[in-house]
Amino acid sequence: MNKQNSSLVRLLLDKIDHLDEATLVKKKVFNVTNLQMYTGWSLSKIYKLTSARLIPFSKPTNGSLFFEREKIEQWLLQNPSYTEDEIEGRVNDHLKKHQRNNS
């Protein structure tokens, strides 16, 4: 394969990856393969998380696992780590609210 064809193949593969990502974002329910693509996790990590019941999932049949995208996103974003500016803003908001309530 010459250099021009190689570049074209790479470009096409990149476009396919972007289409796959766009399709994933629109899905409401993921299977294990979708979740793996969405998070970048290995299959073993996904199975460990589900067997330990650390991640929200459904198992309507004896074997198939399904994951609601919104619940996965909420789970992924729990326990956030705030920047110093965010913490300072939250403290200032709390102090202002406390001062208003005591006036």
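Described below are features of the structure shown in this document. Since the model is a prediction, treat every value here as computed from it, not as a measurement.

Remarks on the environment of Leu 54
Here is step 1 of the chain: By the secondary structure assignment, Leu 54 is in the loop between helix 3 (43-51) and strand 2 (67-68).
Here is step 2 of the chain: A relative accessible area of 49% means that Leu 54 is categorised as partly exposed.
Here is step 3 of the chain: When residues no more than four places from it in sequence are discounted, the contact partners of Leu 54 are Leu 49 and Trp 75.

Looking at unusual backbone geometry
Here is step 1 of the chain: Positive phi, close to 55°, is recorded for Arg 53, a residue that is not glycine.
Here is step 2 of the chain: Structurally, Arg 53 can be placed in the loop between helix 3 and strand 2.
Here is step 3 of the chain: Using a relative accessible area of 67% as the deciding quantity, one classes Arg 53 as exposed.
Here is step 4 of the chain: The backbone of Asn 79 sits at a positive phi, close to 55°, despite the residue not being glycine.

Definitions and cut-offs
Residues numbered from 1 in each chain as written. Predicted model: local features only at pLDDT ≥ 70, side-chain atom pairs only at ≥ 80, totals over all residues. Heavy atoms only, no water. Helix = DSSP H or I, 4+ residues; strand = E, 2+ residues; numbered from the N terminus. Buried < 20%, exposed > 50% of the residue type's maximum accessible area, 1.4 Å probe, protein only. Contact = heavy atoms within 4.5 Å.

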